[in-house]
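Observations on the model geometry
Chain by chain, the residues:
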Amino acid sequence: MSDFLADNNLCGQTILKLVGRGNAIIADLLRLKDNVPRIFRLSTKTDLNKYCDIISDLSYFGNPEKFEARIDKTPVLQELDEELRRNYTGIISQFYLLFESIYKYVTDLNRFIDDIEQGFYIQMTIESVLQNGEGKQLLAESLYLYGVILLLVDWHIEGIVRERMLTFFYRCSGHQHSSETNVDDVCKLLRSTGFTRSYRPPRYPEDYFGRVPINDNYVNMLIGKLRSDDLYNQTCCFPLPAHRPTALGAQAAVLFVSLWFAPKILKNQRPTMREITDKFFPDNWIIAVYIGFHVNLMEAWESFPAAKEAIHNTIDSQTINSLVDSAKKIPDLTLKLRNVLKEGVLTEENILERATVVLSMLREANVNLRWLLLHISNVGSSLGYDGGKKVRPLKDLATSFADPKTDPPRFHVLDLLLVTSQLELKVKELFRKLLDEKRQKWDIYKAEAKDRVKELAEVFGAKQPLTRIERNENLAKWLDTKSTQVDNLDFSQLLISGRKITELIRAFHEMLEFHSLESKVQVREWVNEIITLLTQMLRTGNINEEILVTVQIVGDFGYAWGSLIDVYTSQMQALIQKHPAAVSKLRAVFLKLSSAMDMPLLRLSQAKSPALVTVSSYYSGELVSFVQKVLQIIPEKVFSLLHSIIDIQTSSIKEIPTRLEKDKVKEFAQLEERHKVSELTHEMSLLTEGILMMQTTLVGIIRIEPKTLLENGIRKELVAQVSQLLNNILVFGRNSTGKEKLGSKLEYIHQRKAGIQRSFEYIGDYVHSYGLKIFQEEFARVINYAAEQDYNAVSIQPVYTLQSIYQSKDVPLPMLTSEDGSTFMGRLARELVVMTDARTSVYVQTSNTWHESKTFLPIMSNDTFALMEKALDITGMTALDKLLALMISHQLNQFFKILRKEMSEKSTREYLDSVQIELQPCSKIIGMAKRTYSSWCGKACKNPLILDYLLKIGQIQLLRARILYQLKVAANSNAKILACSVINLNRLLAKELKTNTSFREENTLLFELLTQSEPLGLCQPGWKIYLTSNPIQHISLYLTLVTVQQLQKLSYSKAAGTFTSRKSSSETLDGIPLVVGLSTVLQQLNVAQKLAFTSRICQYMNSFISNCTTPVKDDTHDLSAVLFFLNFYCRLNPQMPELLAWDLLKPSGFLLEC
């Protein structure tokens, strides 16, 4: 058979691409498993109560019409359904594509097997493919990967969750493309199996694996081949019979998964299972099925009689005791390996001589490592059967080679792992260097050997006479001949040259014997040097990649990926704390662990798959995350030391004055305290030096720079501390007064933040990084990410964690939320809204201060916002302003929704039609205005929510105005040039827009200008268009009646310069938020509606004045309130000149008197 993987071999290329797809599917599954939307799990009572009528499992397909009809009939469910579709269609589509790719994989596998049996591939049969080395590997891996995919899907994504996601996808888009997708078949394959991590249903997983039947002939032939052959030819790398289970480890995993497709073997065929366990599992009951996925055979085969009997016959206490006896030699083996690693023991000169011994030691070490790592760790079955009581005695026996209390087994294993990894790395580096310099060294040895032979010929020819060496012309001629032979050796023909070198070495040995030159010390040494050089030439010529391949196979560490190596994280970190230089040793462990990526990437590379980059990026990223996790102890320890340093500097060490008297020098010296600071700083420097000593390392396709690793670790620790600080402090209750509580919290945050900032300024020189820059970047990222999560609650288009520009895999931000799902930014925004509630507080415009409505004590002033800016920085204030803007948008949306519903009622619409007729034209004076308007307001304005929304919108607008004012003050102090530049640019752009109408569409500078303007406070929140609304009939009239109704409850206070509630009114409210809220609502409407509203208010005032015959105190208060309202409203709307409103009024003597 020709090369099975050749480009022109259709059969080989088809199965190779299929196996590549399988590896890519697994990588996608592992990448997506942590991104299952929380609500599809329905794991909390809140989610269950809210979404149970929207999110359904496959029972939906029993009666989909009824399910959809229930949603269509309920507005709340309809709105919730739209929200889910808008927010989760993208991520659920990714999961569906993953599920569909699994179904397509198995159908393509079945099609490939059918094509082979039907003779589609010329001269190819299943038997002939299984006879080919690459062919049998690919056929075995194709079935194995399908089984692994099924197990991983059920392990990482619970069955009921899969059903909910599949149903949701079908409802959103699947039924629209039913002819193009395989939704029905995908649902049948991946419906719930009933399996959970704590429960394994009967006949699992054989029923699951049988949902899509696989050709029995193919499965049985494959299992037969796996039982008899060495699939990956690894036994040659492990020649000892005792090492066979390790050599066949990868093949054992393939066979284990393949047996699930032939459950009859597991149940009934006892001889077959006994043969399998004797060959593949004679001393191991825990196997690595796939990287990061382990199975306990004692548990997995518990319900299969033949398999259970076979594994119990093989694994007994006698077998384990023999393995434990071998494990007791680990300290001696570790010592031998450590001796080999000593400086000068293993060099380029002697590595070739000692290669066999070193390889033997590495085999022994790796075999022991594999068995111990798999069997002394707390690894249970990944198939959900709890057999812990039966397995625990075996584990106790496995760990009995060391005393767990005084001499923990894990420390022995970690020590062996470290020295083994180091030795493997050193051997690889030496052999790579020898391979790279092979030709060069061979030529050097050849030249030296030739020169030595020629010099010796000259000695015997008396050209360079030596004492006591007689002249011998024959010997001189013979040596000249040998010199020519050495010179004629050709590197390009190493096989022929090797034989000639062997003959030359024999000839020089014979020369010493035949010519009795053994007694001539000088000649003997000369000849020995020539023989040594020729021997080096022979060994150098024999160097090939075979030893490197053997070391790579022997040192395979993929089985430890995931939970096995994670167990040793704490021991690694303890070692780093004790010896910071141990980081360079751990580098060898990280490189050893990267061998897990070899097999999946090999098939993708052979298939030239475009998924190679994404798959390698995923696995490389996971390994880098583990490296960062282990080394994170250094930044944590650095921060701990740093806090101690800062405490001493701030609380103990006195600041030295500019001028110091002589007798006070000793008092300010504080030698003990300064010595303590020096000790702590030195310890911190040693820690950072340890990580910086690690060489630049290529892990997969990601290059790890020690400095970047240290900086990322420091950033991660900083992020954790800042997040915890803000999350723990910005929690509000109702036990104390709002002002005291908020002010003290902000002051505490400011002080702590300043301390951390000083720490980073101090640390910069010792960690070789810009400390202040790191602090500012990460503080801004924490603030923005938290605010972004709160934006999702009120935004139409939420941003998921995966999509967030602030989230990073290298330095992840923690998701710290309260019970209601809000972060510290959301809690702060809500607290500001609660404190400035328009029904319990009064806003005084002249002092920009909120006061309690009853006691008139100040609640929130300019000092509060200044303190907030110190605590949260410009970034925090800008994010808070954006969050408030989104809250306004949400409130406006709800306001228009309620108003539209109110106006859609026939009775309200007809009544407003009649009022509209009564008010025509605007210049008409309404008789008995006070009573008439009160009657209209009482009948039309019945919904109290309208007023609540207006007050809330105005209240949040006032908060935005104060925040933007504080930003503007900060900009004028700290960024005056930038602020002036943005203002001038804004003016130029405004002028350009007036003359060039196409400028808005062609240029993105406007959006960039907005981005620069917001942090500088150069915005007018009252002029902003938050949303667009469809026209609503009679909206200006309705708002007029609402305004008149509320103005009758307010009066104008000259002393306070603002609205106050009338004493006769039973309802307390602040008029300023009402005006601002009305102005904001009208800003979202067209100009005609705003003019109509203004006209109606002026008509009300004219009618009220005209009906007053004598000035009454109550009438005076009414008129003052209306005038103040109109005046303040016009100032909020520069587009509505105040003169326009006065033109619509008809002042009288009474008005002037008022």
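The paragraphs below set out a description of the structure included in this document. In this text the structure is predicted, and so the values were computed from the model without any measurement.

1. Side note on the overall build of the chain
Helix and strand counts for the chain stand at 51 helices and nine strands. For a compact globule of 1154 residues, the expected C-alpha radius of gyration is about 32 Å, and the chain comes in at 41 Å, more than 25% above that figure. Its C-alpha atoms put the chain at 150 × 95 × 65 Å along the principal axes. Relative to its full complement of 1154 residues, the chain shows a buried share of 52%. Long-range contacts, defined here as pairs at least 24 residues apart, represent 77% of the contacts in the chain between residues at least 6 apart. Carbon and sulfur atoms provide 52% of the accessible area of the chain, an area that totals close to 54,100 Å². Side chains of the chain give 134 positive and 129 negative charges; the mean places of these two sets differ by 4 Å.

2. A short note on the packing of helix α1 (residues 10-32) against helix α6 (residues 133-156)
Where α1 meets α6, the closest approach of the two axes is 9 Å, and the angle between their N-to-C directions is 20°. Taken together, the axes of α1 and α6 lie roughly parallel to each other. Of the two possible hands of crossing, α1 and α6 adopt the one that is left-handed. Of α6, the residues touching α1 (which contributes Gly12, Ile15, Leu16, Val19, Gly22, Asn23, Ile25, Ile26, Leu29 and Leu30) are Leu138, Leu139, Glu141, Ser142, Leu145, Val148, Ile149, Leu152, Val153 and His156. Split into classes, the residues belonging to the contact of α1 with α6 amount to 14 nonpolar, five polar and one charged.

3. Some words on the pairing of strand β5 (residues 841-844)
Residues Ser841 and Tyr843 of β5 are buried on one face, and the alternating residues Val842 and Val844, pointing to the opposite face, are buried as well. Here β5 pairs with strand β6 (residues 849-852) via four bridges, running antiparallel. The partner of Val842 across the bridge, within β6, is His851. A loop of four residues connects β5 with β6, the two strands running antiparallel in sequence, and Asn848 in this loop sits at a positive phi of about 55°.

4. Thoughts on a nonpolar patch on the surface
Among the surface-exposed residues, Ile656, Leu660 and Val665 lie close enough to one another that they form a single nonpolar patch of about 240 Å² accessible area. The topology assignment puts Val665 in helix α33 (residues 665-669).

5. What to know about the nonpolar core
Membership of the largest hydrophobic core comes to 332 residues, with the highest contact counts inside it found for Tyr218, Phe256, Met273, Trp301, Tyr619 and Phe895. Of all the elements, helix α39 (residues 862-903) adds the most residues to this core, at 19 residues. Counting residues in hydrophobic clusters, the runner-up holds 28 residues, among them Leu504, Ile530, Ile531 and Met537.

6. Overview of the side chain of Thr688
By the secondary structure assignment, Thr688 is in helix α34 (residues 671-692). For Thr688, the side chain forms a polar contact with the main-chain oxygen of Ser685, separated by 2.9 Å.

7. Quick word on the sheet that holds β6
Pairing is antiparallel across the open sheet formed by three strands, whose spatial order is β5-β6-β7. A single partner strand is all that each edge strand has here, and the edge strands are β5 and β7 (858-860). Going from strand to strand, the sheet's axes swing by 40° on average, the running direction of each strand aside. Taken strand by strand, helix α42 (residues 944-974) contacts β5, β6 and β7, and its axis lies near 135° from that of β6.

8. Examining unusual backbone geometry
Leaving glycine out, the prevailing phi sign among residues is negative, and the prevailing peptide bond configuration is trans. Residue Tyr204 is joined to Pro205 through a cis peptide bond whose omega torsion reads 5°. Along the chain, the position of Pro205 falls in the loop between α8 (183-190) and α9 (206-209). A positive phi is found at Gln123, a non-glycine position, where the angle reads about 60°. Note on placement: Gln123 falls in the loop between α4 (75-117) and α5 (126-131). With a relative accessible area of 77%, Gln123 lands in the exposed category. Residues other than glycine seldom take positive phi values, yet His1034 does so here, at roughly 65°. Here His1034 shows up in the loop between α45 (1005-1013) and α46 (1035-1047).

Rules used throughout
Residues numbered from 1 in each chain as written. Predicted model: local features only at pLDDT ≥ 70, side-chain atom pairs only at ≥ 80, totals over all residues. Heavy atoms only, no water. Helix = DSSP H or I, 4+ residues; strand = E, 2+ residues; numbered from the N terminus. Rg over C-alpha atoms; globule rule 2.2 N^0.38 Å. Buried < 20%, exposed > 50% of the residue type's maximum accessible area, 1.4 Å probe, protein only. Contact = heavy atoms within 4.5 Å. Areas by Shrake-Rupley, 256 points an atom, 1.4 Å probe, with all protein chains shown as cover. Lys, Arg positive; Asp, Glu negative; His and termini not counted. Charge placed at Lys NZ, Arg CZ, Asp CG, Glu CD. Axes fitted to C-alpha atoms, helices over the stretch in contact; angles between N-to-C directions. Parallel < 35°, antiparallel > 145°, perpendicular 65-115°, else oblique. Left-handed = near helix turned anticlockwise from the far one by under 90°. Nonpolar A, V, L, I, M, F, W, Y, C, P; charged D, E, K, R; others polar. Pairing = 2+ DSSP bridges. Patch = residues over 30% accessible without salt bridge, like charges linked within 9 Å, V, L, I, M, F, W, Y side chains within 5 Å. Salt bridge = Lys/Arg side-chain N within 4 Å of Asp/Glu carboxyl O. Core = buried A, V, L, I, M, F, W, Y, C linked by side-chain atoms within 4.5 Å. Polar contact = N/O pair within 3.5 Å; in protein donor to acceptor, adjacent residues only side chain to side chain.

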